[in-house]
Amino acid sequence: MPLVTTTEMFKKAYEGGYAIGAFNVNNMEIVQGITEAAKEENAPLILQVSSGARKYAKHVYLMKLVEAAIEDTGLPIALHLDHGADFEICKSCIDGGFTSVMIDGSSRPFTENIEVTKKVVEYAHDKGVVVEGELGQLAGVEDDVNVENHSYTDPDQVQEFVEKTGVDSLAIAIGTSHGAYKFKPGQKPVLRFDILEEVEKRLPGFPIVLHGASSVIPELVEKINKYGGAMPDAIGIPEEMLREAAKSAVCKINIDSDLRLAMTASVREHFALHPADFDPRQYLSPAREAIKEMVKRKLVNVLGASGKA
Ligand code: G3H
Ligand code: 13P
Ligand code: ZN
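In every chain, residue numbers begin from 1 and rise along the written sequence. Chains carry letters and ligands carry numbers; both start at the beginning, A for chains and 1 for ligands, and go up in the order they are written. For this predicted model, a pLDDT threshold of at least 70 governs which residues receive local features, and a threshold of 80 or more governs which side-chain atom pairs are given and counted, while totals over whole chains, interfaces and linings are taken from all residues. Heavy atoms throughout the structure, all of them, feed into the side-chain values; hydrogens and water do not.

## Looking at the coordination of the zinc ion (ligand 3)
And step 1. In this description, a donor is an N, O or S atom within 2.8 Å of the metal centre, a cutoff extended to 3.2 Å for sodium, potassium and calcium. Water is not part of the atom list, which can make sites seem incomplete. Note on the zinc ion (ligand 3): its protein donors are His83 (NE2), His178 (NE2) and His211 (ND1). The metal-donor distances range over 2.1 Å.
And step 2. Site description for the zinc ion (ligand 3): donor spacing in sequence, H-x94-H-x32-H. Separated by 128 residues along the polypeptide, His83 in strand β3 (residues 77–84) and His211 in the loop between β10 (208–210) and α9 (218–226) bring together distant segments of the chain. When sorted by exposure, His83 lands in the same class as His211, which is buried. Only DSSP runs of H or I covering at least 4 residues are called helices, and only runs of E covering at least 2 are called strands; the numbering of each starts at the N terminus. To sort residues, take the accessible area from a 1.4 Å probe on protein chains only and compare it with the maximum for the residue type: under 20% means buried, over 50% means exposed, and anything in between is partly exposed.

As structure tokens, this is what we get:
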């Protein structure tokens, strides 16, 4: 099976009340951990690559790893550019074989966001590639951009944005954020389901995307801290809130930090228990297994996508 786009996936997810997991990949162990989990759960999958991941691993290596995963698992997998900052990086990923790109114009003025998104859509659609746009800004750290406060999506803008750009899906800001520090200690986690409902009303049947949707599982943070880490205040979005969102128009849920935490906790534990080890396979095998367990957990607790491939 070749790489697929997200069109069919989103249609089924919208109708079926579940969401597709979009997991960030940076190396072989992460690709293998995610795809082995999806294979065991028979789940559709989006693998996404940030510009930082492209710099780290190189486009061609990530492309070949994902092709290998498709050959190995036979799963429907879409390969997506995460947070494309401009037309050039989107074009480069489209030309380089990705089946989906995000043009993230969310920090630009509305009309400029429309302009750049439309330009990417025209280029992408011509080549059979789908496009995700974004309206509203998430708080948190992503690449080297650090946004202090959310700019929630204005539901009154979404219809005009989708009509004028022709995008295939839309990321919105309802209180999720990037990274491992989504709420302050003592702060009650809140997602603006009222905004999501208003967006749904204005865009019936249209796939919505949630970024910054890691849950920062407390036991993992405890493990990291127990084995020499220093992340006392890491807090994420409760899984049951995300499960609720996945039943609505939200068809794609982005998860990266939870994979990083799973891998880091595993490596820290390994070296604490086996300080003499120095063969990377000794610590990367359990780390890959930890990624796999985390993805399975997400498929069941958050996405509801098991058995939907
Ligand atoms: O939204 C950002 C993703 O977590 C990717 O992070 O840019 O550090 O690869 P990165
Ligand atoms: P997290 O940092 O919550 O995992 O979000 C990842 C993301 O949105 C990637 O685009
Ligand atoms: Zn994101």
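## Points about the sheet that holds strand β8 (residues 169–172)
And step 1. Criterion used throughout: strands pair if DSSP finds at least two bridges between them. Read around the closed barrel, the eight strands follow the order β1-β2-β3-β4-β5-β8-β10-β11; overall the barrel is parallel. Between one strand and the next, the sheet's axes are offset by a mean angle of 25°, whatever the strand orientation.
And step 2. In terms of strand pairing, strand β4 (residues 100–103) meets strand β5 (residues 130–135) through three bridges, oriented parallel. Its bridge partner lying in β5, Ser100 is registered against Val130.
And step 3. Sitting on the sheet, helix α1 (residues 7–16) is in contact with β1 (20–24), β2 (45–49), β3, β5, β8 and β11 (250–255), with an inclination near 110° to β11.
And step 4. Contacts between helix α4 (residues 59–73) and the sheet are confined to β2 and β3, with β3 contributing the most and set at about 155° to the helix. All axes are obtained by fitting lines to C-alpha atoms, using only the stretch in contact for helices, and the reported angles, taken between N-to-C directions, cover 0 to 180 degrees. Whether two residues touch is decided by their heavy atoms; if any such pair falls within 4.5 Å, the residues are in contact.

## Re the pairing of β1
And step 1. Within β1, five of the five residues are buried, leaving the element largely enclosed by the surrounding structure.
And step 2. Because side chains alternate across β1, one face comprises the buried residues Ile20, Ala22 and Asn24, and the other comprises Gly21 and Phe23, equally buried.
And step 3. Relative to β11, β1 is paired through four bridges, and the arrangement is parallel. Residue Ala22 lies in a different strand from β11, and its bridge partner there is Asn254.
And step 4. Bridging between β1 and β2 involves three bridges; their strand directions are parallel. Directly across from Asn24, in β2, lies its bridge partner Gln48.
And step 5. With its strands directed away from the observer, a crossover is right-handed exactly when the path from the first strand over the helix to the second travels clockwise. Running through helix α2 (residues 28–41), the crossover from β1 to the neighbouring parallel element β2 is right-handed.

## Remarks on the side chain of His270
And step 1. Mapped onto the elements, His270 comes out in helix α11 (residues 257–273).
And step 2. Non-local contacts of His270, meaning those with residues more than four positions away in its chain, are made with Asp277, Gln282, Tyr283 and Pro286.

## Considering the packing of aromatic side chains
And step 1. By convention, a stacked pair of Phe, Tyr or Trp rings (six-membered ring in the case of Trp) has centres within 6.5 Å and planes under 30 degrees apart, an edge-to-face pair has planes over 60 apart, and any other such pair is tilted. Under the criterion given, the structure shown has three aromatic pairs.
And step 2. Look at Phe110 and Phe161: their rings are 6.4 Å apart centre to centre, the planes differ by 40°, and that puts the pair in the tilted class. Note that Phe110 is positioned in helix α6 (residues 110–126) and Phe161 in helix α7 (residues 155–165), a separation of 51 residues in sequence.
And step 3. Consider the rings of Phe271 and Tyr283, whose centres lie 4.8 Å apart with planes at 50°: the pair is tilted. Here Tyr283 lies in helix α12 (residues 280–303) and Phe271 lies in helix α11, a separation of twelve residues in the sequence.
And step 4. You can call Phe271 partly exposed: its relative accessible area is 30%.
And step 5. Whether a charge sits over a ring depends on NZ of Lys or CZ of Arg being within 6 Å of the ring centre and within 35 degrees of the ring normal. Its guanidinium or amino end placed over the ring of Phe87, Lys119 lies 4.4 Å from that ring's centre, counting from NZ or CZ.
And step 6. Across the ring face of Tyr152, the terminal group of Arg192 is positioned such that the distance to the ring centre comes to 5.1 Å.

## Re the site of ligand 2
And step 1. By convention in this text, a residue qualifies as near a molecule or strand provided that one of its non-hydrogen atoms is within 4 Å of it. In the region of ligand 2, 16 residues are neighbours, and Asp82, Lys182, Ser214, Asp256 and Ser257 sit closest.
And step 2. N or O atoms closer than or at 3.5 Å make up a polar contact, with two conditions inside protein: a donor-capable atom paired with an acceptor-capable one, and, for residues adjacent in sequence, both atoms drawn from side chains. Contact between ligand 2 and Ser214: an oxygen atom at 2.6 Å from a side-chain N or O atom of the residue.
And step 3. Between ligand 2 and the protein, one listed contact pairs an oxygen atom with a backbone N or O atom of Ser257 at 2.7 Å.
And step 4. Here, Shrake-Rupley sampling with a 1.4 Å probe gives the accessible areas, and only protein chains in the shown set may cover a residue. Bound to the protein, ligand 2 loses 96% of the 310 Å² it would expose on its own.
And step 5. Sorting the residues of the shell around ligand 2 by element identifies β3, β9 (177–178) and β11 as the ones contributing at least two each.
And step 6. Polar here means any residue other than Ala, Val, Leu, Ile, Met, Phe, Trp, Tyr, Cys and Pro, which are nonpolar, and Asp, Glu, Lys and Arg, which are charged; Gly is therefore polar. Along the lines of polarity and charge, the residues of the shell around ligand 2 split into two nonpolar, eleven polar and three charged.

## Structural notes on the nonpolar core
And step 1. Put simply, buried Ala, Val, Leu, Ile, Met, Phe, Trp, Tyr and Cys residues joined by side-chain atoms within 4.5 Å make one nonpolar core. Ranked by internal contacts, the top residues of the largest apolar core, which has 97 residues, are Ile34, Leu170, Ile208 and Ile253.
And step 2. For this core, the element with the most residues is α12, which contributes eight residues.
And step 3. Apart from residues no more than four positions distant in its own chain, Leu170 is found in contact with Gly133, Glu134, Leu135, Val158, Phe161, Val162, Leu203, Phe206, Pro207, Ile208 and Val209.

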